[in-house]
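What follows is the residue order along each chain.
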Number of protein chains: 2
Amino acid sequence: MTAAPGKDIEGRQRVVIEKLRPASDCGRFPVKRIVAERMTVEADVFTDGHDQIQAVVKYRTRAQRRWREVPMVPLGNDRWQGQFTVEEIDRYCYTVSAWVDPFLTWRSELTRRSGAADIRLALELGSQQVQQAAARARPVDARRLSHWAERLAGDGDLEARRALALDSDLLELMLRHADRSFASEYAPVQEVTVERERARYGAWYELFPRSFGGLRGAAEKLSYVSEMGFDVIYLPPIHPIGSSQRKGPNNALAAGPDDPGSPWAIGSPDGGHKSIHPELGTEADFDAFIATAARLDLEVALDIAFQCSPDHPYVREHPEWFSWRPDGTVQYAENPPKKYQDIYPFNFETDDWQALWRELLSVFLHWAERGVRIFRVDNPHTKPFPFWEWVIAEVRHRHPDTIFLAEAFTRPRVMHRLAKLGFSQSYTYFTWRNTKPELTDYALELAHTEGSEYFRPNLWPNTPDILSEYLQFGGRPAFITRLVLAATLSASYGIYGPAFELGESEPREPGSEEYLDSEKYQLREWDLERPESLRDLIARVNRIRRDNPALHLNRNLRFHEIDNEQLVCYSKATEDEDNVVLVVVNLDPHHRQGGWLTLSLNALGLTGDEPFQMHDQLGNLRLLWHGAHNYIDLDPGISPAHIFRLRRHLRTERDFAYYM
Amino acid sequence: MTAAPGKDIEGRQRVVIEKLRPASDCGRFPVKRIVAERMTVEADVFTDGHDQIQAVVKYRTRAQRRWREVPMVPLGNDRWQGQFTVEEIDRYCYTVSAWVDPFLTWRSELTRRSGAADIRLALELGSQQVQQAAARARPVDARRLSHWAERLAGDGDLEARRALALDSDLLELMLRHADRSFASEYAPVQEVTVERERARYGAWYELFPRSFGGLRGAAEKLSYVSEMGFDVIYLPPIHPIGSSQRKGPNNALAAGPDDPGSPWAIGSPDGGHKSIHPELGTEADFDAFIATAARLDLEVALDIAFQCSPDHPYVREHPEWFSWRPDGTVQYAENPPKKYQDIYPFNFETDDWQALWRELLSVFLHWAERGVRIFRVDNPHTKPFPFWEWVIAEVRHRHPDTIFLAEAFTRPRVMHRLAKLGFSQSYTYFTWRNTKPELTDYALELAHTEGSEYFRPNLWPNTPDILSEYLQFGGRPAFITRLVLAATLSASYGIYGPAFELGESEPREPGSEEYLDSEKYQLREWDLERPESLRDLIARVNRIRRDNPALHLNRNLRFHEIDNEQLVCYSKATEDEDNVVLVVVNLDPHHRQGGWLTLSLNALGLTGDEPFQMHDQLGNLRLLWHGAHNYIDLDPGISPAHIFRLRRHLRTERDFAYYM
């Protein structure tokens, strides 16, 4: 009926460990870190009465058997903290263990004791404790401890013996050989997924190879992309495109004979998710594309969209993976009254779901074996959550350095669940956050709420699906504003080009977010050399990103007050405050805006006593400031943003030259 | 290495259930409710894609095998809610179950379909679903469902069949017979401890029987206590007191031959924790005391202090339950340089801890069998946490209506842990919260943070250990202020009398919180009939508490702005807003204070359009207010507080008389 002491309960396990952080959903999911990052683990740790305790963080990779340990230190109010560094791309386990340490209690009481009899008795008791520790220790330490025990119990001068008892060498020995038989350990053990840096930090460029003549033509444009400073080149699906129900330009229901169709209508007699569209090139072309990219320090990201055109080989080979309607046709995607007859979704409730899962896994593995380690997953929120948790784990089991970006434009809880299940990054609502309160609230949510432990943002000003109203109406300044915001609010961001740098801003129709003559349905010719191209500005922004490690992080974002609703100001600093970046953006693409800024000086590592220089990396302006209150104005016609780097040390007459 | 689909994973279990609330420490501990209260359970519930879902709260008592269910409703943003009522003093289990419901999805799509072919196909599919449900249903419903299936698939008019398909009777049948084979269920199952109302709401009075001639004399004073409107009469330990190391008046190290000693130095040759001190009376006197109390609607609370005087029979009979020092003496309580030689703590780390636990359990059971159902536990934070969880469960297993009050004047985490482990109530920091920000912050923390799910406060203006500085220096108004605050901020409160109502305010020495000539060490004579006694005022406050159910609750506390730092204003309302109490207290015992109040009208169930009457239950003043802004002033010489009851309906000329 109730628990039995000695059987279900060990009554001498007296230390309580509560509220271990970080933890996602009570330990159901791992949190996330990047290789070489520090894990700071905290917990409430305490025991009954006045006894002193020791606590450690235990950690290991999942494959290791032996735990490593780091001591925790009390922060006050029974909160303890310990830190370790995650060194490998792997999944680590961690927990907290703590125990009552009678020697620490005894030692602290000894300092406060008065009266010879009392001290003598205490020393005798202490000697016993040390002798017991000797029995637990290996020979070398055991001998040292026995020696200490003898000296404590000896009949030398009392105060001299007390001083001996308080010796830090003895303390260190005793801490090492503490009796941990009744140590408590926090359950369940927590996990942290450790990924490579690109999982958090990177600049992405999306491009349709077919507009450049396929993979070979696109490979020739990679230097253009690389010169702009991008890290990842992301390709929409490169597979054969179905011809049944193919869509024409601007999503027309009927395609003409030369219309190429949507790359997301995957599968034709030429093959499915593991094949390359013949119109894009050969497998050799693909390998060459990857190799060229690698030479230019670009990593290729592939789009994985788990859906089929009616012509996909799966439809014929695995009819059991689709839903069939009473009239004997396959259920296409629909959201009545809308119909997407060119797309057959998989039926994940099929009795044959296990085979379906294994086949979809093999798609990832196929491309991973060709060298792809970044996957941008299309609409993951329309496939079962258990599938993603499983498939991501399976891929990482074989290729631990694989990065997954979730194209989860969906409701907040769903986005977060996908992030918890293993996606390295996620698309966000940034695209629709334009005003100062919207941007501030959302960026703070991404950077500072519990979700920041597992949800890493990737901000996109535009995508082939989304030409935001802000870009439609704001002209060139709007493009620059959104670029700077994306590139500095988040460690990862991306643009869909060349539509972005060429300022493409015409929607298919008023009120639509679709591009007119979208590349999703037709080939486009882009004049990359147009003088108004933003390519140089983009290159500059990406250079600033590379030069400033503060911009490689997300959780260091701080906003600063500025008394104009069209101006936002925020900063990022590295932990050592060696690199501090302050960004000011004018959100109004049409008017010059000015305002008084109230800096949170301590967020910038400043005390307020010193002058400092703000060096605009975008326009090369240098401002000499002193204190929190400073005036800023920004003319969108010139530049809608400053990206300042803080120069803390200003030379004075003593240096015989101004500014570093 | 990784999880296997079909074995470790059921891929068709597509609904996610997250963030179930209430939950204490991820379900490690039960939350708490009172019999007949409503449990409101919430969770994030969602699935992939656009399919519709159903969700239910499942609940049962621990002994029941069958779950009961209540449907959940969506609150928006994927948050769902369901409610049930806890009907018994018991421990209940609850969780959430949810599943994808294809019929709901189908039904919603059907309303949006156009085109005859499309609708016809959909009706055919719907008919199949209904037929499948028939196969799951018992005969009566199965027949009804089959009939529906036939009508849907029939060849009647299409729109007529669509209307049929949307019939609410069909919906109800289909919801009842949903396919739940792949339902998700939240794990772990959560628990809620359901106690009787006194666990949350009650007025306590502490009294030393020996100052009234023992149990018989004290029994004669019970009508005095009852007339003041108290619910619980709480006695310090009533056991034999040791004579070794006995303390004299004002904690003097040596006691005189007639000094009675501290009731917390438990145990003498006359017996221990299960005996009654011969100087207090016999077991029959005790039974009579309980019976008299019961006749006066007073319940007796006993003090359980698990520690021993050196003369306690346990020391002789169970030396293994104590710590022995190297000199062969028992380790007394100490916090060097302080020594408490009259107190031997148990050594809970003894190898014989299981026997010790069982013996201590038998102490509770001994008094429970004599009719005691409320225990005030002395210093629970100096005994191991696992012991409390076990012993409280064991006592409740036999006597489910037992209430435990933790005298846990200790650090916040420790107090909360004890509350989680099963203590019904706890002492608080109220005693040291005197200023407006202190009181506001602390009261809000008690009422509205996560802890309010398991931590129930009992506020004490004074105890035999604590005569606060505020009472020492504030005179009569300070006593009234603290009484009103305790009695209205918390559903449970208590005073140590007659010291309180007689305004005892002399400390043992300046800077001390100990009473001069404390009853802890000596007998006191109290003149209960002194004209300045607060007994009538206390009676009035307790009457107000009984008359106003809003004051029986804790989590309904709301503060209102008032522009004077010496004035606090707060309200409590029942859920139906039938009973609304507004309290205004002047914290300055020396000066009249006035200020403008800004009521949060919606917290009072007011719209702002109507006039309303504030009827002071303490002074019988009636104020006619309209809107949020009202002026209040309080002269501590007259009364430092108002306890208003809101009279919402004001009669007008249409009623032919003013005010109800």
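Residues numbered from 1 in each chain as written. Chains lettered and ligands numbered in written order. Predicted model: local features only at pLDDT ≥ 70, side-chain atom pairs only at ≥ 80, totals over all residues. Heavy atoms only, no water.

## Description of the overall build of chain A
Each helix and strand counted, chain A has 15 helices and 30 strands in total. Along the longest, intermediate and shortest principal axes, the C-alpha atoms of chain A span 105 × 75 × 45 Å. Counting across all 660 residues of chain A, residues that qualify as buried make up 60%. Restricting the contact set of chain A to residue pairs at least 6 apart, pairs at least 24 apart contribute 74%. Here chain A displays about 26,600 Å² of accessible surface, and carbon together with sulfur accounts for 48% of that area. The distance from the centre of the 79 positive side-chain charges to the centre of the 97 negative ones in chain A is 4 Å. (Helix = DSSP H or I, 4+ residues; strand = E, 2+ residues; numbered from the N terminus. Buried < 20%, exposed > 50% of the residue type's maximum accessible area, 1.4 Å probe, protein only. Contact = heavy atoms within 4.5 Å. Areas by Shrake-Rupley, 256 points an atom, 1.4 Å probe, with all protein chains shown as cover. Lys, Arg positive; Asp, Glu negative; His and termini not counted. Charge placed at Lys NZ, Arg CZ, Asp CG, Glu CD.)

## Some details on the relation of the copies chain A and chain B
Under the fitted operation, chain A is carried onto chain B by 0.0 Å of movement along the axis and a turn of 180 degrees, and the coordinates agree to an RMSD of 0.1 Å. These values place the two chain copies in the arrangement generated by a two-fold rotation axis. Of every C-alpha in chain A, the one belonging to C26(A) sits nearest the axis of rotation, 3.0 Å from it. A share of 100% of interface residues in chain A that are also interface residues in chain B marks the association as one of identical surfaces. (Least-squares fit on C-alpha atoms with pLDDT ≥ 70 in both.)

## Looking at the sheet that holds strand β29 (residues 622-626) of chain B
Residues and elements named next belong to chain B. A sheet is described by the order of its strands in space; here six strands give the open sequence β23-β25-β26-β31-β28-β29, paired in antiparallel fashion. Edge positions in the sheet fall to β23 (558-559) and β29, since each has one partner strand and no second. Pairing of strand β28 (residues 611-616) with β29, which is carried by five bridges, proceeds in the antiparallel orientation. Residue P611 lies in a different strand from β29, and its bridge partner there is H626. Here helix α14 (residues 469-489) sits on the sheet in contact with β23, β25 (567-573), β26 (580-586) and β31 (641-647), set at roughly 30 degrees to β25. (Pairing = 2+ DSSP bridges. Axes fitted to C-alpha atoms, helices over the stretch in contact; angles between N-to-C directions.)

## Examining the state of the cysteines
Residues and elements named next belong to chain A. A full pass over the atoms with the stated rule returns one disulfide over all chains. For C93, which is in no disulfide, the shortest distance to another cysteine sulfur is to C26 and amounts to 17 Å. Residue classification places C93 among the buried positions, given a relative accessible area of 4%. (Disulfide = S-S within 2.5 Å.)

## A short note on helix α10 (residues 353-369) of chain B
All names here are of chain B. A rise of 1.5 Å per residue sets the reference length of α10, with its 17 residues, at 24 Å; its end C-alpha atoms lie 24 Å apart and thus fit the reference within 8%. Within the span of α10, buried status applies to W353, L356, W357, E359, L360, L361, V363, F364, L365, W367 and A368. Those residues of α10 hidden inside the fold are in contact with α8 (283-295), β13 (299-304), α9 (313-317), β18 (374-378), α11 (385-398) and β19 (403-407). Immediately beyond the C-terminal end of α10, within one or two residues, lies G371, with a positive phi of roughly 105 degrees. (Expected span 1.5 Å × (residues − 1).)

## Things to note about the interface of chain A and chain B
In this complex, chain A contributes 65 residues to the contact, which on the side of chain B involves 65 residues. Taken together, both faces of the contact between chain A and chain B bury some 6,100 Å²; the carbon and sulfur share is 55%. Taken as a group, R12(A), P326(A) and R413(A) account for 11% of the area that chain A buries against chain B, more than any other trio of residues on that side. Summed over the shared surface of chain A and chain B, the number is 16 salt bridges. A salt bridge links R113(A) to E334(B); the nearest nitrogen and oxygen atoms lie 2.7 Å apart. (Buried area = accessible area lost by both parts, 1.4 Å probe. Salt bridge = Lys/Arg side-chain N within 4 Å of Asp/Glu carboxyl O.)

## Side note on helix α5 (residues 168-176) of chain A
Every α-helical turn comprises 3.6 residues, leaving residues that sit three or four positions apart pointing alike. Residues and elements named next belong to chain A. Among all positions of α5, only L170, L171, L173 and M174 are buried. For α5, the angular spread of the buried residues around the axis is 165 degrees, confining them to a single face. For α5, the elements touching its buried residues are α1 (102-112), α2 (116-136), α3 (139-153) and α4 (158-165). Two or three places before D169, at the opening of α5, D167 has a side-chain oxygen 2.7 Å from that residue's backbone nitrogen. (Arc of directions from axis to C-beta. Polar contact = N/O pair within 3.5 Å; in protein donor to acceptor, adjacent residues only side chain to side chain.)

## Description of the pairing of strand β7 (residues 79-85) of chain A
Residues and elements named next belong to chain A. When strand β3 (residues 38-46) meets β7, the two strands line up antiparallel, connected through seven bridges. Paired with E42 across the bridge in β7 is Q81. Across three bridges, the pairing between strand β6 (residues 73-76) and β7 is antiparallel. Bridge pairing links P74 to W80 in β7.

## Some thoughts on the packing of aromatic side chains
Going through the model one piece at a time under the given rule, you end up with 82 aromatic pairs over all chains. Considering the side-chain rings of W204(A) and Y234(A), the 6.3 Å spacing of their centres and the 70 degrees angle between planes classify their relative orientation as edge-to-face. Within this pair, whereas W204(A) is found in strand β11 (residues 202-206), its partner Y234(A) is found in strand β12 (residues 232-235), the two being separated by 30 residues in sequence. For the pair shown, W204(A) and Y234(A) are each scored as buried. Between F479(B) and F500(B) the ring centres are 5.0 Å apart and the planes differ by 55 degrees, which places this aromatic pair in the tilted class. Note that F479(B) is positioned in helix α14 and F500(B) in the loop between β22 (492-496) and α15 (535-547), a separation of 21 residues in sequence. Exposure class is identical for F479(B) and F500(B). Each is buried. Its guanidinium or amino end placed over the ring of Y442(B), R433(B) lies 5.2 Å from that ring's centre, counting from NZ or CZ. (Phe/Tyr/Trp six-rings, centres within 6.5 Å; stacked < 30°, edge-to-face > 60°. Lys NZ or Arg CZ within 6 Å of the ring centre and 35° of its normal.)

## Observations regarding the pairing of β31(B)
Residue and element names in this part refer to chain B. Most of β31 is tucked away: six of the seven residues are buried. As paired elements, β26 and β31 share five bridges and run antiparallel to each other. Bridged to V585 within β31 is A641. Pairing between β28 and β31: four bridges, direction antiparallel.

## Things to note about the environment of A122(B)
Looking at where A122(B) falls in the secondary structure, it is placed in helix α2 (residues 116-136). For A122(B), a relative accessible area of 6% corresponds to the buried category.

## Focus on the pattern of salt bridges
Overall, the coordinates contain 114 salt bridges over all chains when judged by the stated rule. The partner of E197(A) in a salt bridge is R200(A), and the shortest N-O contact between them spans 3.8 Å. E87(B) serves as the salt-bridge partner of R68(B), at 3.6 Å between the closest nitrogen and oxygen. Separated by 19 residues along the polypeptide, R68(B) in strand β5 (residues 68-71) and E87(B) in the loop between β7 (79-85) and β8 (90-100) bring together distant segments of the chain. Overall, R68(B) belongs to the partly exposed group, its relative accessible area being 29%.

## Overview of the sheet that holds β13(B)
All names here are of chain B. Pairing is parallel across the open sheet formed by eight strands, whose spatial order is β20-β19-β18-β13-β12-β11-β22-β21. This sheet does not close on itself; its edge strands, each paired only once, are β20 (425-426) and β21 (458-459). Relative to β18, β13 runs parallel, the two being bridged by four bridges. Residue pairing across strands places I304 opposite V377, the latter belonging to β18.

## Examining the environment of R376(A)
All names here are of chain A. Tracing the sequence through the fold places R376 in strand β18 (residues 374-378). Since its relative accessible area comes to 3%, R376 is described here as buried. Expressed as a C-alpha distance, the spacing of R376 and L302, which sit 74 residues apart in the sequence, is 5.9 Å. Setting aside chain neighbours within four positions, we find R376 in contact with W204, Y234, W264, L302, D303, I304, L405, E407 and Y427. For R376, the side chain forms a polar contact with the side chain of D303, separated by 2.8 Å. Separated by 3.4 Å, the side chains of R376 and E407 make a polar contact.

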